[in-house]
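Residues per chain are reported as follows:
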2 protein chains.
Amino acid sequence: MKRLMAEVNISEGKDKTLINEVREALLKNDVEVIDIDSEPNHNRTVFTYIGDPQNVLQGTKDLAAKAVELIDMTKHTGSHPRMGAVDVVPFIPVKDITTEEAVEIAKEFGKYLGSLGVPVYYYEDATDNPDRKSLVKIRKGQYEAFEEKMKHEEWKPDEGPFEFVPKSGATVTGVRFPLVAFNVNLITENIDICKKIVQAIRGATGGYKYVRAIALPLEEEKMIQISMNLVNYEKTPIHRVFETIKSEARAYGISVAGTELVGPVPLMALEDVLDHYLQTHNFSMEQIYL
Amino acid sequence: MKRLMAEVNISEGKDKTLINEVREALLKNDVEVIDIDSEPNHNRTVFTYIGDPQNVLQGTKDLAAKAVELIDMTKHTGSHPRMGAVDVVPFIPVKDITTEEAVEIAKEFGKYLGSLGVPVYYYEDATDNPDRKSLVKIRKGQYEAFEEKMKHEEWKPDEGPFEFVPKSGATVTGVRFPLVAFNVNLITENIDICKKIVQAIRGATGGYKYVRAIALPLEEEKMIQISMNLVNYEKTPIHRVFETIKSEARAYGISVAGTELVGPVPLMALEDVLDHYLQTHNFSMEQIYL
């Protein structure tokens, strides 16, 4: 059974009536909602749901159409970077679906949103343009920069009008591997040591290729958090990163107070963890029931 | 959503046509099959499935009626202990269902099977009779002993006729907590040390209350397996037993070659394992998607 996930970020995290109308538009469709997370400070809501690819596509169209109708970006403020009413829409292949099939869904969604008058950019696995692979690059300067950016040929959108649309801003959509957000809290207040640990584990500085990491002080707890995105849990599994952090920390006499797996986690990512710690060399996810 | 599991053991593990007819009877119902495991040496097949309690009840009735129709116990041989064509039928409450509700289902099934002329005994959580709590006690002497046993008032069945029925034999049904079958392979051929490790961990000899264990030589591999049933993974979790085995083995310089989780494993049982090894103190199963 094909399973596709969508994680739709919209630029409204306070107005409950509005968020609820958007939610209702989604729920007309047969999708399984995993999480709806509104952050008032970010002024942003993330809808995460899963299901048959066609149902997920239709649900995403309905959700996005409602968000574009109701959200006015000319009035939006919030602490999280953003460029549009429907900000970023990653589709995530979960089961029995190839990246290519997911890219087709993302492009069907992109065409639809473009037809509503929203400039749409494809990113990650949905584009071959190296300047559009990264959300951070496309969103640089945020909503406010797009009026200027859209005067330049390099920012011609992949779908929709080649002009700045003040009310909706622009949308990024595409396909990416499931992220695992994993934080490790260390019993120390020495940020320099923690930065060394971050350097040891993250891909950008010679660590594990698929780890993005930063060290954040947790002032109230008098601890420091290594906050990570594991962007390919198959090639860089959770337990390997965790064991490396423990080993590096131990060299400074620093212990782990605890960890956090944040948001939805694919069962697949946990299978490797179980195999490692329980030494089950042949355990299969098919054995799990719930 | 209520989820009930059934694990139906029938006394036929060789005749594929027969097993398939029984399977077809089950599959007329809307249940999710987790596993169908036929063991020719045991001459036994275990059907494991899950679903809405009423669907599971109806599926179990249909499966059992077909097995009772087709299997003739007067001709049955096999290495696994057994007492009837439909041998033992545990119902296992998996989600949003109380033990009491599951007991009602087990009794509806027992009444139905009794009405087909099969003597039925309730066990585990479906009985208050201390002599009928344990399957091993009820099945003592196996099929062959029942002709004699059923001459005595203490073996009056809970449902069905109070007489030996040669063709069907008798059936045990009831409700139990999900079992986890967990084996640990130790790199040693010293059975005496392994028996000491077994004593250290199993409830019957002062170890963990909900662990049943034996030590089995794996002659080809030149190893010894600690073979366990964890009968309450909430109160005696997998990782705690595993860590104790590793610690006891280490005292003799013995290492773990690997482990096996056998058959279906409830996701709940794995949550504790993840929490322990990853030190995620607040991880919730609701975060897992598949």
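Every chain begins its residue count from 1, and numbering advances along the sequence as written. Chains carry letters from A onward and ligands carry numbers from 1 onward, assigned in written order. The model is predicted, so local features are restricted to residues of pLDDT at least 70 and side-chain atom pairs to those at 80 or more, both for listing and for counting; the totals for chains, interfaces and linings are taken over all residues. The side-chain figures draw on all heavy atoms in the structure; neither hydrogens nor water molecules are used.

If you look chain A up in an unreviewed UniProt entry, it shows as glutamate formimidoyltransferase from Dethiosulfatibacter aminovorans DSM 17477. UniProt, in its Subcellular location (unreviewed entry) section for chain A, records the words "Cytoplasm". UniProt positions are given in the numbering used here, feature names are shortened, and annotations may be inferred rather than shown by experiment. Note on chain A: under the UniProt heading Pathway (unreviewed entry), the record states "Amino-acid degradation; L-histidine degradation into L-glutamate; L-glutamate from N-formimidoyl-L-glutamate (transferase route): step 1/1."

K.L.:
How should the sheet that holds strand S10 (residues 256-262) of chain B be read in this particular structure?
P.N.:
Through backbone hydrogen bonds, the strands of a sheet pair up, either in parallel or in antiparallel fashion. All names here are of chain B. Strand order in this open sheet of four strands is S8-S9-S7-S10, and the pairing throughout is antiparallel. Bordering the open sheet on either side are strand S8 (211-218) and S10, each of which pairs with just one other strand. Taking the axes of each pair of neighbouring strands and ignoring which way they run, one obtains an average angle of 20 degrees across the sheet. Lying over the sheet, helix H7 (residues 238-250) contacts strand S7 (180-186), S8, strand S9 (223-230) and S10, oriented at roughly 20 degrees with respect to S7. DSSP calls a pair of strands paired once it identifies at least 2 bridges connecting them. Under the scheme used here, helices are H or I runs from DSSP no shorter than 4 residues and strands are E runs no shorter than 2 residues, and both carry numbers assigned from the N terminus. What counts as an axis is a line fitted to C-alpha atoms, over the stretch in contact for a helix, and the angles between N-to-C directions run from 0 to 180 degrees. The contact definition used throughout considers only heavy atoms, calling two residues in contact when any of these lie within 4.5 Å.

K.L.:
How should I be thinking about the environment of Glu-271 of chain B in this particular structure?
P.N.:
All names here are of chain B. As for its placement among the helices and strands, Glu-271 is situated in helix H8 (residues 267-278). Using a 1.4 Å probe on the protein chains alone, a residue whose accessible area is under 20% of its type maximum counts as buried, one over 50% counts as exposed, and one in between counts as partly exposed. Classification of Glu-271 by relative accessible area gives buried; the value is 17%. Spatially, the C-alpha atoms of Glu-271 and Tyr-289 are 13 Å apart, while their sequence positions differ by 18 residues. Beyond its immediate chain neighbours, meaning those up to four positions away, Glu-271 contacts Phe-283, Ser-284 and Met-285.

K.L.:
When you look at the packing of aromatic side chains in this model, what are you seeing that I'm missing?
P.N.:
Stacked, tilted and edge-to-face are the three classes applied to pairs of Phe, Tyr and Trp rings, where Trp contributes its six-membered ring and a pair requires centres within 6.5 Å; stacked means planes under 30 degrees apart, edge-to-face means over 60, and tilted covers the rest. According to the stated counting rule, one finds 15 aromatic pairs over all chains in the structure shown. Pairing Tyr-143 of chain A with Phe-164 of chain A gives two aromatic rings, centres 5.6 Å apart and planes at 50 degrees, and the pair type is tilted. On the criterion of sequence distance, the pair formed by Tyr-143 of chain A in helix H5 (residues 142-149) and Phe-164 of chain A in the loop between H5 and strand S6 (171-175) is long-range, its members being 21 residues apart. Judged by centre distance (6.4 Å) and plane angle (65 degrees), the ring pair of Phe-146 of chain B and Trp-155 of chain B falls under edge-to-face. For the pair formed by Phe-146 of chain B and Trp-155 of chain B, the shared burial category is buried. Taken together, Tyr-121, Phe-146 and Trp-155 of chain A form an aromatic cluster joined through their ring pairs.

K.L.:
Can you walk me through the interface of chain A and chain B in this structure?
P.N.:
Much of the literature gives interface size as the accessible area that the parts lose upon coming together. Listed by partner, the interface residues are 35 residues for chain A and 35 residues for chain B. When chain A packs against chain B, the two sides together hide about 3,200 Å² of surface, and 66% of this comes from carbon and sulfur. Two parts placed together each lose some accessible area under a 1.4 Å probe, and adding up what both lose gives the buried area. Ranking the residues of chain A by area buried against chain B places Leu-278, Tyr-289 and Leu-290 of chain A at the top, with a combined share of 28%. Think of a polar contact as two N or O atoms within 3.5 Å of one another; within protein, one of them needs to be a possible hydrogen donor and the other a possible acceptor, and neighboring residues in sequence only count if both atoms come from side chains. On inspection of chain A and its partner chain B, the count reaches 20 residue pairs in polar contact (both at pLDDT 80 or more). Contributions of two or more residues to the side of chain A that touches chain B are made by strand S1 (3-10), helix H7 (238-250), strand S10 (256-262), strand S11 (265-266), helix H8 (267-278) and strand S12 (288-289) of chain A. Per-element tally for the side of chain A that touches chain B: the top contributor is S10 of chain A, with seven residues. Inspection of the sheet shows S11 of chain A paired to strand S12 (residues 288-289) of chain B by two bridges, in the parallel sense. Bridge pairing in S12 of chain B places Pro-266 of chain A opposite Tyr-289 of chain B.

K.L.:
Honestly, the sheet that holds strand S7 (residues 180-186) of chain A in this entry has me stumped. Any pointers?
P.N.:
Residues and elements named next belong to chain A. Here we have four strands laid out as an open sheet, ordered S8-S9-S7-S10, and antiparallel in their pairing. At either margin of the open sheet sits one strand with a lone partner, and together these are strand S8 (211-218) and S10. Across the sheet, the axes of successive neighbouring strands diverge by a mean angle of 20 degrees, strand direction being ignored. On the sheet, helix H6 (residues 191-201) packs against S7, S8 and strand S9 (223-230) and is oriented at approximately 170 degrees with respect to S8.

K.L.:
Is there a simple way to think about the UniProt feature "domain: Formiminotransferase C-terminal subdomain" (unreviewed entry) in chain A in this case?
P.N.:
Under the UniProt annotation, "domain: Formiminotransferase C-terminal subdomain" (unreviewed entry) lies at residues 178-290 of chain A. As annotated, residues 178-290 of chain A comprises 32% helix and 30% strand, and the C-alpha atoms at either end are separated by 21 Å.

K.L.:
So what exactly am I meant to see when it comes to the UniProt feature "domain: Formiminotransferase N-terminal subdomain" (unreviewed entry) in chain A here?
P.N.:
Using the residue numbers shown here, the UniProt feature "domain: Formiminotransferase N-terminal subdomain" (unreviewed entry) corresponds to residues 3-177 of chain A. Spanning residues 3-177 of chain A, this segment combines 34% helix with 25% strand, and its end C-alpha atoms are found 13 Å apart.

K.L.:
Mind showing me how you'd approach the relation of the copies chain A and chain B here?
P.N.:
Both copies of the chain are related by one operation, a rotation about an axis with a shift along it. Here chain A sits on chain B after a turn of 180 degrees about the axis and a move of 0.0 Å along it, with an RMSD of 0.1 Å. On the angle and the small slide along the axis, the relation comes out as a two-fold axis. The fraction of interface residues of chain A whose copies in chain B are also interface residues reaches 100%, indicating that both copies meet through the same surface. Here the copies are superposed with least squares, the fitted atoms being C-alpha atoms of residues at a pLDDT of at least 70 in both.

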